[in-house]
Amino acid sequence: MEKVQKQEPSDEKAEQLNNWLPVTKSRNAKWWYSAFHNITAMVGAGVLGLPYAMSELGWGPGAAVMILSWIITLYTLWQMVEMHEIVPGKRFDRYHELGQHAFGEKLGLWIVVPQQLMVEVGVNIVYMITGGKSLKKFHDTVCPDCKQIKLSYFIVIFGSVHCVLSHLPSYNSAACVSLAAAVMSLSYSTIAWVASLHKGVQPDVHYTPRASTKTGNMFDFFSALGDVAFAYAGHNVVLEIQATIPSTPDKPSKKPMWKGVVVAYIVVALCYFPVSFIGYWTFGNSVEDNILISLEKPRWLIAAANLFVVVHVIGSYQVFAIPVFDMVESFLVMKMKFKPCFILRFFTRSGYVALTMFLAITFPFFGGLLSFFGGFAFAPTTYYLPCIIWLAVHKPKRFSLSWCTNWACIAVGVTLMILAPIGALRQIILQAKDFNFYS
């Protein structure tokens, strides 16, 4: 009896903390919240780099990698949705909680948290750069005769928006921002491939490898694998998104969540495949690492597309930042014994926005960063970590279909993780040679 009385306050305390933290604060989301949160998380800056990745891979390998990635990541996303409530009466609201269930309290944290943080912080840095670059491109397109403004200033303008938006209390309170971002992602992806199609194949187009040496081609191939991996990023926030959906034994959250995921993946296919294939078909191996830079006319349409990208990455930044806020705030309250209050939230969130903005201004190597984070961080959390957790939790029979499928996904994911950062680091070094800091 004493034991029960001792436990109650801690349970109550945990409940109060969950009601304060942004991931679990609100659980009244509908299936379409899942759809547009997943679209916002997935169809991000990565889609604009896909034609460039195709130019490094070539037609055959490029199409194979694109389609295979779509299939594998849809399968691993289904696994995560299924495992959200794998223990009756318990919900794994965060990726690391599922990791702890599979690998143990301490080991689960060490396996999942560093990788998840690397992805989320990495994405936020890349989105700061993308937002700044797209603002600059919009300015230069609308006013070509105006005085040139440094990219650093545009990144600061983009970052200042997040100084306000980062204080939204939960995922559901960011629903309108996320919906606007999802609509924008579909809009600028459509503009990218329709404008490319309208432009037609360029007179001097070549589909030969970009690099002039075999070594260069090999490194480019590795780098392109990372670009593709970066494009499929939603897994890092999928459990957190599912945590916002109500759940009962009769109506588990996995049904509306999966419905939203399917809609999101249809949109992903409608965005990714036309942009990557038509963009490469139009420009060949001369395509830029951001397809909108290659498209210069009609001017008003390219300006609109860049503005759409800005609105989209504002939403995407928040979708990836909220789990970081959740992680940092729960650590400060539970381990460092801070009181959950507005001041704590204000300083942690403002500090995080300032940090990602500073890193974006310092290292704006868009293409290389995409590939590096895609290979080093996204491949584990997206391609094979869900499979390892599935094998650990479900223990399928050796050489059964489930066992073979999961090991095949693990093999693909590990290959990506090893090869992509090698190509990306070379690309960053080549870009950094001619770079002036804070230019």
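These lines cover the structure that appears in this document, whether it is placed above or below. The structure displayed is predicted, hence computed values, not measured ones.

In globular proteins that are soluble, nonpolar side chains generally tend to be buried together. Membership of the largest hydrophobic core comes to 110 residues, with the highest contact counts inside it found for Val228, Tyr232 and Tyr272. Considering each element in turn, this core owes the most residues, 14 residues, to helix α13 (residues 299–334). Counting six residues, the second-largest nonpolar core is a separate cluster that includes Trp20, Leu21, Leu332 and Val333.

What follows covers a nonpolar patch on the surface. On the surface, Trp59, Leu197, Val201, Tyr207 and Trp281 cluster together to form a nonpolar patch covering roughly 440 Å² of accessible area. Among the structural elements, Leu197 can be located in helix α8 (residues 175–199).

So, about the state of the cysteines. Inspection of the entire model under this criterion finds one disulfide. Here Cys143 connects covalently by a disulfide to Cys146, the sulfurs 1.5 Å from one another. The sign of the 65° torsion about the S-S bond sets the Cys143-Cys146 disulfide as right-handed. On the accessibility criterion, Cys143 (24% relative accessible area) is partly exposed. Between Cys409, a cysteine without a disulfide, and Cys387, which holds the nearest cysteine sulfur, the sulfur-to-sulfur distance is 4.3 Å. Accessibility expressed as a relative area gives 5% for Cys409, which makes it buried.

If a probe the size of a water molecule is rolled over the atoms, the empty space left behind becomes visible. Size it by volume and the largest pocket reaches roughly 1500 Å³. Going through the elements one at a time, α1 (2–20), α4 (59–83), α5 (95–103), α6 (105–142) and α13 are the ones with two or more residues in the lining of the largest pocket. Classifying every residue of the lining of the largest pocket by side-chain character gives 23 nonpolar, ten polar and 15 charged.

We now examine the packing of aromatic side chains. The final tally for this structure, using the stated rule, is 16 aromatic pairs. Residues Trp31 and Trp32 carry aromatic rings whose centres are separated by 6.0 Å and whose planes lie at 80° to one another, so their mutual orientation is edge-to-face. Each ring, one from Phe342 and one from Phe346, has its centre 6.0 Å from the other, and the planes form 35°; the classification is tilted. In this pair, Phe342 and Phe346 both sit in helix α14 (residues 342–362), four residues apart, roughly one turn of the helix. Exposure remark for Phe342: the relative accessible area of 58% places this residue in the exposed category. Judged by relative accessible area, Phe346 falls into the partly exposed class, the value being 35%. Of the aromatic side chains, those joined through ring pairs into one cluster are Trp59, Tyr207 and Tyr280. For Arg345, the ring lying beneath its charged end belongs to Trp20, and the centroid distance is 4.3 Å.

Moving on: the pattern of salt bridges. Tallying each qualifying case throughout the model produces eight salt bridges. Across the pair Glu97 and Arg94 runs a salt bridge whose closest N-O atoms are separated by 2.9 Å. Residue Glu97 shares its accessibility class with Arg94, and that shared class is buried. For the salt bridge of Glu329 with Arg349, the shortest nitrogen-to-oxygen distance reads 2.8 Å.

Thresholds, definitions, all that
Residues numbered from 1 in each chain as written. Predicted model: local features only at pLDDT ≥ 70, side-chain atom pairs only at ≥ 80, totals over all residues. Heavy atoms only, no water. Core = buried A, V, L, I, M, F, W, Y, C linked by side-chain atoms within 4.5 Å. Buried < 20%, exposed > 50% of the residue type's maximum accessible area, 1.4 Å probe, protein only. Helix = DSSP H or I, 4+ residues; strand = E, 2+ residues; numbered from the N terminus. Patch = residues over 30% accessible without salt bridge, like charges linked within 9 Å, V, L, I, M, F, W, Y side chains within 5 Å. Areas by Shrake-Rupley, 256 points an atom, 1.4 Å probe, with all protein chains shown as cover. Salt bridge = Lys/Arg side-chain N within 4 Å of Asp/Glu carboxyl O. Disulfide = S-S within 2.5 Å. 1 Å grid on protein atoms, 1.4 Å probe; cavity = no way out; pocket = protein on both sides within 12 Å on 5 of 7 lines; lining within 4 Å. Points joined across faces, edges and corners; volume = space filled by probe spheres on them. Nonpolar A, V, L, I, M, F, W, Y, C, P; charged D, E, K, R; others polar. Phe/Tyr/Trp six-rings, centres within 6.5 Å; stacked < 30°, edge-to-face > 60°. Lys NZ or Arg CZ within 6 Å of the ring centre and 35° of its normal.

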